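What follows is each chain in one-letter form.
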Amino acid sequence: MEMTDMTGVSLKRGSLVVEDNDSGAPAEETKKQKMSECSPARGLDLLGNDSVLHSEDMPGAPEAVSAGRDEKNSEAQLEEEEEEDGLSEEEEEEEAESFADMMKHGLTELDVGITKFVSPHQGFSGILKERYSDFVVHEIGKDGRISHLDDLSVPVDEEDPSEDAFTVLTAEEKQRLEELQLFKNKETSVAIEVIEDTKEKRTVIHQAIKSLFPGLETKTEDREGKKYIVAYHTAGRKALANPRKHSWPKSRGSYCHFVLYKENKDTMDAINVLSKYLRVKPNIFSYMGTKDKRAITVQEIAVLKITAQRLAHLNKCLMNFKLGNFSYQKNPLKLGELQGNHFTVVLRNITGTDDQVQQAMNSLKEIGFINYYGMQRFGTTAVPTYQVGRAILQNSWTEVMDLILKPRSGAEKGYLVKCREEWAKTKDPAAALRKLPVKRCVEGQLLRGLSKYGMKNIVSAFGIIPRNNRLMYIHSYQSYVWNNMVSKRIEDYGLKPIPGDLVLKGATATYIEEEDINNYSIHDVVMPLPGFDVIYPKHKIRDAYREMLTADNLDIDNMRHKIRDYSLSGAYRKIIIRPQNVSWEVVAYDDPKIPLFNTDVDNLEGKPPPVFPSEGKYRALKMDFSLPPSTYATMAIREVLKMDTSIKNQTQLNTTWLR
């Protein structure tokens, strides 16, 4: 088994490589999602009438530790409004060029320790386009089944309200009920007159209010000879987060599990959209892993005491989402319970010969790829996230503040540039904050903290940033160290296990002894992310860890921080990953815009699979493979193409693919 270095690799390759296995993705300018007009922002006519209304993702904890991310500040996100500007072609071109300019100051793989390949095969060109439809991710559940959306039917349940419950209320009545439910006015109740009064009609209105507005109770009243249904609060503000217990059948599992198919939305954004439409808090949803934005993804979601019937009605309201495969279960889903993800990836316009493709894919199947943390882990701008993480660990809080707020090279959104300039000029957090129309970004949160706690208490000011976002910085530093150490391990010792390497027995790391060397392969070897609760290899890579941390003014023997949140316990991560269920085919095509495979929704709609000519203008490599949680699909693709996956490199090669 050989390994090769990146030096001298030809990089005549196009476009961006994005999206990974439950990891953060670069923030490219993308086409805006088209939303159906049944939006909560317009008239609140939700799930009722057929009338029509509608970042850089920060990676979470090191995936070696947890398969998913901490939940974001859901209540704040619930309040956020979607931007639906849309860009003209000229504006898109300007955005792309601006992004390309910014990326001139971004990172390359070399900057974050990604330097080696495992296979000696010759690389070739290929384009993983910015179109998310060339990248499809299906979650693999804890039972090993790959999630597919293949059934839109709703479980029959006599307890469910009739279909009329979704159309019986007018838009004005829904708006009044929404305001009552969310305590947006001083009303203590809302009365709805029953037109064409019958017992059946009253029952439908009762069902509609209780079903669509959790937390409201209803009663019937006679007023001046007319019948009214009166809605009122029964359990205070907690009712929004805790749906009524008495309205859910005891025989039915408390959680509705469903498969969510989504396009161009990350998991938390998708859940925030669903929660807005359902008028509930996002924290009643659960999932096994987060999926990122720049892909078509299919995963299982669970929600507390929301009927399949209500969820299915969202299919009429939302575009780029589809919900199905409903079932009622006793338990929610838990982060990390998944076995991994299955990827279907198209690399377009490949230049490799059939032999080169065969060699590359056989190597991926039989040997695998180096389990580097991908470029998304380290941010896309001139200030890498690992630098902020290093400053936190050094307790250098002034540097943390400066790295986040100081002016930086390259293009950014105009308001961020003005904010940074104001900060550099005045060091006045309130003045800089006034330059930001969007104050929930990290810069805005830090400035708000500095305004509140003062410049002498940066630690508390930084603490205003949500915890998972703060930890992202130090986890990025751990990943930076790990990448560099793995490259050095492979450079010094190749792709065979040696005495002093580490392997896992259960959750415990142990050393490979000389007499046991033949019991292990390179696929068993792990290396530590630095921390106070890990051991290091018993060979010169141990010294390399120490030297690297010492150069960064950190003590490898004392990774506990004065602030408990920033104490690093460490973790272990396999250095080589061999994908499972690997298959591939090379297809010819003429039109670069046509899809090259069917999605779950295509199959549900009965679309025939694409038919390929025997010869065509272009050739594409269609790859299928499964990866465990916390691994980066871009690193597998990098091994196949022998290419630098950094946005900086890809953008310099071909900025036009950004659109």
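All figures in this text were calculated on a predicted structure; none of them were measured in a lab.

A. Seen up close, the pattern of salt bridges. Evaluated as defined, the whole model comprises 22 salt bridges. Of the charged contacts, one joins R420 and E443 as a salt bridge, the two residues approaching to 2.8 Å between their closest N and O atoms. Residue R420 is located in helix α10 (residues 414-426), and its partner E443 is located in helix α12 (residues 442-453); the two are separated by 23 residues in the primary sequence. In this structure R420 comes out as buried when scored by relative accessible area, which is 2%.

B. Just the sheet that holds strand β13 (residues 502-505), in detail. With antiparallel pairing, the 4 strands of this open sheet are ordered in space as β14-β13-β15-β16. Where the open sheet ends on each side, the last strands, each with one partner, are β14 (508-511) and β16 (571-574). Ignoring strand direction, the axes of neighbouring strands in this sheet form an average angle of 55°. Relative to strand β15 (residues 525-529), β13 is paired through 2 bridges, and the arrangement is antiparallel. For L502, the partnering residue across the bridge sits in β15 and is V526. Sheet contacts for helix α14 (residues 467-493): β15 and β16; angle to β15, the most-contacted strand, approximately 145°.

C. Broad picture of unusual backbone geometry. One non-glycine residue, R279, adopts positive backbone phi at about 60°. With respect to the secondary-structure elements, R279 resides in the loop between α5 (267-278) and β8 (285-287). Even without glycine at this site, K427 takes up a positive phi of about 50°. Locating K427 in the fold gives a position in the loop between α10 and α11 (429-433).

D. Geometry of the sheet that holds strand β4 (residues 189-193). Read across the open sheet, the 3 strands follow the order β4-β6-β5; overall the sheet is antiparallel. Taken across any chain shown, the strands that pair with only one partner, and hence form the sheet edges, are β4 and β5 (216-223). Geometrically, the sheet is characterised by an average inter-axis angle of 25° between neighbouring strands, direction not taken into account. Pairing analysis gives 5 bridges linking β4 to strand β6 (residues 226-233), with the strands arranged antiparallel. In the sheet register, S189 faces β6, and the bridge partner there is Y232. Against the sheet, helix α4 (residues 199-212) makes contact with β4, β5 and β6, and its axis sits at roughly 150° relative to β5, the strand it touches most.

E. Main features of the packing of aromatic side chains. This structure, assessed with the given rule, holds 14 aromatic pairs. Judged by centre distance (6.4 Å) and plane angle (40°), the ring pair of F258 and F326 falls under tilted. Here F326 lies in strand β10 (residues 321-329) and F258 lies in strand β7 (residues 255-263), a separation of 68 residues in the sequence. Accessibility classification places F258 together with F326 in one group, the buried group. The lysine or arginine in question, R252, covers the ring of Y328, its NZ or CZ lying 4.7 Å from the ring centre. One Lys or Arg, R560, reaches over the ring of F532 and ends 3.7 Å from the middle of that ring.

F. Spatial organisation of the packing of helix α8 (residues 385-393) against helix α9 (residues 397-405). Remark: α8 packs on α9, axes separated minimally by 8 Å, with the N-to-C direction vectors making an angle of 160°. What the angle tells us is that α8 and α9 run roughly antiparallel. You can see that α8 and α9 cross each other, and the crossing is left-handed. Here Q387, V388, A391 and I392 of α8 come into contact with α9, specifically with W397, E399, V400, L403 and I404. Of the residues that constitute the contact of α8 with α9, the class distribution is 7 nonpolar, 1 polar and 1 charged.

G. Fine view of helix α7 (residues 354-366). For α7, spanning 13 residues, the distance from its first C-alpha to its last is 18 Å, which sits close to the expected 18 Å at 1.5 Å a residue. Those residues of α7 that fall on the buried side of the exposure criterion are Q356, V357, A360, M361, S363 and L364. Buried residues of α7 fall within an arc of 155° about the axis and therefore sit on the same side. In α7, the exposed positions that point more than 90 degrees away from the buried face belong to D354, D355 and E366. G368 sits one or two residues past α7 and shows a positive phi near 105°.

H. Molecular detail of the confidence of the model for the chain. For the chain, the average pLDDT comes to 79, and 77% of its residues sit at 70 or higher. Across residues 22-100 the pLDDT falls below 50, and counting only partners more than four positions away or on other chains, this stretch makes 218 contacts in the model. The model gives residues 653-659 a pLDDT under 50, and that stretch makes 22 contacts with residues more than four places away or in other chains.

I. Looking closely at α10. Relative to the 18 Å expected for 13 residues at 1.5 Å per residue, α10 spans 18 Å between its end C-alpha atoms, a close match to the ideal helical length. Where α10 is concerned, the buried positions are L416, C419, R420, E422 and W423. Along the axis of α10, the buried positions cluster into a sector of 160°, meaning they face one direction only. Those residues of α10 that are exposed and aimed more than 90 degrees away from the buried face are K418 and K425. Those residues of α10 that are buried lie in contact with α9, α11 and α12. K427 occupies a position one or two residues after α10 and carries a positive phi of about 50°.

J. Here's a closer look at the pairing of strand β9 (residues 296-304). Of all the 9 residues making up β9, 7 are buried; the element is thus mostly covered by neighbouring parts of the structure. Examined bridge by bridge, strand β3 (residues 135-140) and β9 share 3 bridges and lie parallel to one another. Among the inter-strand pairings, V137 is bridged to a residue of β9, identified as T297. As paired elements, β7 and β9 share 9 bridges and run antiparallel to each other. Paired with C256 across the strands is V303, a residue of β9. One ladder, built from 3 bridges, connects β8 with β9; its direction is antiparallel. Residue pairing in the sheet places Y287 in a bridge with I301 of β9.

K. Summary view of the packing of α8 against α14. Taken N-terminus to C-terminus, the directions of α8 and α14 make an angle of 100°; their axes are 7 Å apart at the nearest point. Between α8 and α14, the angle is such that the two are roughly perpendicular. Along the contact surface, α8 presents T385, Y386, V388, G389, R390, I392 and L393, while α14 presents R470, M472, Y473, I474, S476, Y477 and Y480. Classifying every residue of the contact of α8 with α14 by side-chain character gives 9 nonpolar, 3 polar and 2 charged.

L. How the structure looks around a positive patch on the surface. The grouping of K418, K425, R434 and K435 at the surface amounts to a positive patch. Assignment of secondary structure puts R434 in the loop between α11 and α12.

Reading the values: rules and limits
- Residues numbered from 1 in each chain as written.
- Predicted model: local features only at pLDDT ≥ 70, side-chain atom pairs only at ≥ 80, totals over all residues.
- Heavy atoms only, no water.
- Salt bridge = Lys/Arg side-chain N within 4 Å of Asp/Glu carboxyl O.
- Helix = DSSP H or I, 4+ residues; strand = E, 2+ residues; numbered from the N terminus.
- Buried < 20%, exposed > 50% of the residue type's maximum accessible area, 1.4 Å probe, protein only.
- Pairing = 2+ DSSP bridges.
- Axes fitted to C-alpha atoms, helices over the stretch in contact; angles between N-to-C directions.
- Contact = heavy atoms within 4.5 Å.
- Phe/Tyr/Trp six-rings, centres within 6.5 Å; stacked < 30°, edge-to-face > 60°.
- Lys NZ or Arg CZ within 6 Å of the ring centre and 35° of its normal.
- Parallel < 35°, antiparallel > 145°, perpendicular 65-115°, else oblique.
- Left-handed = near helix turned anticlockwise from the far one by under 90°.
- Nonpolar A, V, L, I, M, F, W, Y, C, P; charged D, E, K, R; others polar.
- Expected span 1.5 Å × (residues − 1).
- Arc of directions from axis to C-beta.
- pLDDT = per-residue confidence, 0-100.
- Patch = residues over 30% accessible without salt bridge, like charges linked within 9 Å, V, L, I, M, F, W, Y side chains within 5 Å.
- Areas by Shrake-Rupley, 256 points an atom, 1.4 Å probe, with all protein chains shown as cover.
- Lys, Arg positive; Asp, Glu negative; His and termini not counted.
- Charge placed at Lys NZ, Arg CZ, Asp CG, Glu CD.

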